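A structural walkthrough
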Amino acid sequence: MINNDILRRLSTIFELTDEKVRTIFALSECEISEEQLANYFKEKDDAAYQEILDVELASFLNGLIIDKRGPSDGPVRQTEEQLTNNMIFNKIKIALSLKAEEVISILELAELRLGKYELSAFFRSVNNKHYRDCSDDVLSTFLKGLKIKFQ
């Protein structure tokens, strides 16, 4: 999925103001200007459109975890340089403290049926033989289900 779409959809789902989005970025030590944020939310065909880098989206998602769950004990997590759909899915799941059954019910709200075993494959280590890549469709459906649940 496109990082800008993910940020836009999460902002809508959780009804985040621009200031709150910037605050969430700052929680993981990533400063975003008002202009940058406005450019992230522009449509792709707009000349001022600015693509969100993986490291920036990772900062936002890490900040969302801190915002929703509070700061963790110990050192600050290193922000990932590259993101996969699996990592994005997992970070949202962690931020919302969702258990497998809750994720499955959210997916079902958006009319996708997955078993617990199929779901757990998305959250396994890449080196695990049962690991499965999370498709754009699955991640998009999860975000759709979140929107239904929270609005």
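Heads up: the structure comes first, above all this text.
Structural notes, computed from the coordinates. Each chain has its residues counted from 1, following the order in which its sequence is written. Selection of residues for local features in this predicted model requires a pLDDT of at least 70, selection of side-chain atom pairs for listing and counting requires 80 or more, and totals for whole chains, interfaces and linings are taken over all residues. Values reported for side chains reflect all heavy atoms of the structure, with hydrogen atoms and water molecules removed beforehand.

1. Points about the packing of aromatic side chains
Under the convention used in this document: In this scheme Phe, Tyr and Trp rings, the latter by its six-membered ring, pair at centre separations within 6.5 Å, and the angle between planes marks the pair as stacked below 30 degrees, edge-to-face above 60, and tilted otherwise. Comment: elements are numbered from the N terminus, with helices defined as DSSP H or I runs of at least four residues and strands as E runs of at least two. Here the term buried applies to any residue with accessible area under 20% of the maximum for its type, exposed to any over 50%, and partly exposed to those in between, with areas from a 1.4 Å probe on protein chains only. In this scheme, the term charge over a ring applies when either NZ of a lysine or CZ of an arginine sits within 6 Å of the ring centre and within 35 degrees of the ring normal.
Applying the stated criterion across every chain, the model contains five aromatic pairs. With 6.1 Å between their ring centres and 40° between their planes, Phe89 and Phe122 make a pair best called tilted. Of this pair, Phe89 sits in helix 5 (residues 85–95) while Phe122 sits in helix 7 (residues 116–122); the two residues are 33 residues apart in sequence, bridging distant segments of the chain. Comparing Phe89 with Phe122 shows no difference in burial state: the two are buried. Note on Phe89 and Phe142: the rings are 4.5 Å apart at their centroids and 40° apart in plane angle, and the pair reads as tilted. Placement of Phe89 in helix 5 and of Phe142 in helix 8 (residues 136–150) is noted, with a sequence separation of 53 residues between them. Summarising the burial analysis for this pair, Phe89 and Phe142 share the class buried. A connected cluster of aromatic rings, assembled from ring pairs, spans Phe89, Phe122, Phe123 and Phe142. Directly above the aromatic system of Phe14 lies the positively charged group of Lys68, at a separation of 4.5 Å from the ring centroid.

2. Observations regarding the side chain of Asn86
Going by this rule: The definition of a polar contact used here is a pair of N or O atoms within 3.5 Å, where within protein one atom must be able to donate a hydrogen and the other to accept one, and adjacent residues in sequence count solely through side-chain atom pairs. Contacts were defined at the residue level, with two residues in contact if any of their heavy atoms lie within 4.5 Å.
Summarising the element assignment, Asn86 is placed in helix 5. Owing to a relative accessible area of 6%, Asn86 belongs among the buried residues under this scheme. Separated by 2.8 Å, the side chain of Asn86 and the backbone nitrogen of Cys134 make a polar contact. With residues near it in sequence (within four places) discarded, Asn86 still touches Phe122, Tyr131, Arg132, Asp133 and Cys134.

3. With respect to the nonpolar core
Stated precisely, the cut-off is as follows: In this description, a nonpolar core means a group of buried Ala, Val, Leu, Ile, Met, Phe, Trp, Tyr and Cys residues linked to one another through side-chain atoms lying within 4.5 Å.
If you look at the biggest cluster of nonpolar residues, it comprises 40 residues, and the most contacted ones within it are Phe60, Phe89, Ile92 and Phe142. When contributions to this core are tallied by element, the ones reaching two or more residues are helix 1 (3–13), helix 2 (18–27), helix 3 (34–41), helix 4 (54–69), helix 5, helix 6 (100–109), helix 7 and helix 8. If you tally residues by element for this core, the top one is helix 4, at six residues. Filtering out sequence-adjacent residues up to four positions away, Phe89 remains in contact with Val103, Leu119, Phe122, Phe123, Cys134, Val138, Leu139 and Phe142.

None of this, on its own, says anything about what the molecule does.
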